[in-house]
Amino acid sequence: MGLQGVKAVFFDLDNTLVDTAAAGRRAIEEVPAGLARRARVINVLQSKHQCDEGEAHMICNKVQEKLLKECHDPAKVCITDLRISHWEEAIQETKGGEANRNMAAECYFLWKTTRLQHLLLTEETRSMLTELRKMVRLLLLTNGDKLTQREKIEACACQPYFDAIVVGGEQKEEKPAPSIFYHCCDLLGVQPWDCVMVGDSLDTDIQGGLNAGLKATVWINKTMTMPVNTSPVPHYIISSVLDLPALLQNMDHKMNANLETDKM
């Protein structure tokens, strides 16, 4: 059984299907599987690089801030070099003195390894995708560096739940450009007005869905607190991706009701 008027759902990955932000925070504090407790990033900064606890936390906080503001142009620098530079700058800003690229690289690769281990597609999300795919086609649409995003996709093992996967870093344009949405439609053999976009970013997921003329956009707003003058305006807002099936069914009922009214 399908849904009236909806043939495909496009899902964002980071902070929509998997909690990338939480994985990044846990990577600061926790130890990668198979490594000694002292291998934690905070501990490495303290034990091997003579940082006190306050300095170690300050460095990690600065890195998190730099990641939030990150603008990556793959034509100019690879993502690995850029992110090692985040650590290098954070260490120098906190400790002063000469830049220490080796120390920065050690912290970055330890953080990256741990973050990937914490990128989990929960059992509830897997079940939701499995059931939803019985009714509509599913596509994963994620922005970002192709290597980084493919590593995340591999880490959370989400490939079996989708009919197609599109990584922005592998295309000419990323979200919110309409072209990448049209490419997704072509892959699934559907039209933009047949599709729903689900994601946590107003600037890329929601604006992109609106730019491409999709049937509906669904904003994942975990806090459900509305920013002042929300723009762009999504068609729907939910606090968790797990709320999506109920929303789609509600959309379906409204469409059927409208059809019955038109007939009358």
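Everything discussed here concerns the structure shown above.
In what follows, the accompanying structure is described. This is a predicted model, so every value here is computed, not measured. Each chain has its residues counted from 1, running along the sequence as written. Selection of residues for local features in this predicted model requires a pLDDT of at least 70, selection of side-chain atom pairs for listing and counting requires 80 or more, and totals for whole chains, interfaces and linings are taken over all residues. Side-chain numbers come from the whole structure's heavy atoms, not from hydrogens or water.

**Structural notes on the packing of aromatic side chains**
Convention followed: Here the aromatic set is Phe, Tyr and Trp, taking the six-membered ring for Trp, and pairing holds for ring centres within 6.5 Å; pairs whose planes are under 30 degrees apart are stacked, those over 60 apart are edge-to-face, and all others are tilted. By definition, any uninterrupted DSSP run of H or I lasting at least four residues is a helix, any uninterrupted run of E lasting at least two residues is a strand, and each is numbered from the N terminus.
Taken as a whole, this structure holds three aromatic pairs when the rule is applied. Measuring from ring centre to ring centre gives 6.2 Å for Phe11 and Phe162, while their planes differ by 70 degrees; the resulting arrangement is edge-to-face. Of this pair, Phe11 sits in strand 1 (residues 8-11) while Phe162 sits in the loop between helix 7 (146-156) and strand 3 (164-167), and the two are 151 residues apart along the sequence.

**So, the pairing of strand 3**
The condition is simple: In this scheme, a residue with accessible area under 20% of its type's maximum is buried, one over 50% is exposed, and one in between is partly exposed, where area comes from a 1.4 Å probe on protein chains only. We call two strands paired when DSSP finds no fewer than two bridges between them. Note on handedness: a clockwise path from strand one over the helix to strand two, with the strands aimed away from the viewer, defines a right-handed crossover.
Alternating positions in strand 3 separate into two faces, Ala164 and Val166 on one and Ile165 and Val167 on the other, with burial throughout. Two strands pair when backbone bridges link them, and strand 2 (residues 137-142) and strand 3 are joined in this way by four bridges, in the parallel orientation. Directly across from Leu141, in strand 3, lies its bridge partner Val166. Handedness of the strand 2-helix 7-strand 3 crossover: right-handed.

**Brief notes about the nonpolar core**
Filter applied, for reference: Think of a nonpolar core as a cluster: buried Ala, Val, Leu, Ile, Met, Phe, Trp, Tyr and Cys residues, connected wherever their side-chain atoms sit within 4.5 Å. Throughout, a residue-residue contact means that at least one pair of heavy atoms, one from each residue, lies within 4.5 Å.
Of all hydrophobic cores here, the largest spans 34 residues; its most connected members are Val9, Phe11, Phe162 and Leu244. Elements with a minimum of two residues in this core: strand 1, helix 6 (123-132), strand 2, helix 7, strand 3, strand 4 (195-199), strand 5 (216-220) and helix 10 (244-263). Ranked by residue count, the leading element in this core is helix 10, at four residues. With residues near it in sequence (within four places) discarded, Leu244 still touches Val9, Phe11, Leu132, Val198, Val218 and Ile238.

**Points about the pattern of salt bridges**
The criterion, for reference: The rule for a salt bridge is simple: a side-chain nitrogen of Lys or Arg has to be within 4 Å of a carboxyl oxygen of Asp or Glu.
On inspection of all chains with the given rule, the structure shows 18 salt bridges. Among the ionic pairs, Glu89 bridges to Lys66, the shortest N-O distance being 3.3 Å. Taken together, the positions of Glu89 in helix 4 (residues 79-95) and Lys66 in helix 3 (residues 53-68) put the pair 23 residues apart, joining distant regions of the chain. Looking at Glu89, the relative accessible area reads 37%, which means it is partly exposed. Given the relative accessible area of 18%, Lys66 is considered buried.

**Some details on the environment of Lys48**
Note the cut-off: Polar contact is defined as a pair of N or O atoms within 3.5 Å, subject to the rule that within protein one atom must be able to donate a hydrogen and the other to accept it, and that residues adjacent in sequence are counted only when both atoms are side-chain atoms.
Looking at where Lys48 falls in the secondary structure, it is placed in the loop between helix 2 (41-47) and helix 3. Judged by relative accessible area, Lys48 falls into the partly exposed class, the value being 47%. Spatially, the C-alpha atoms of Lys48 and Glu174 are 40 Å apart, while their sequence positions differ by 126 residues. Contact partners of Lys48, with chain neighbours within four places excluded, come to Asn43 and Glu106. Among the polar contacts listed, one links the side chain of Lys48 to the side chain of Glu106, at a separation of 2.8 Å.

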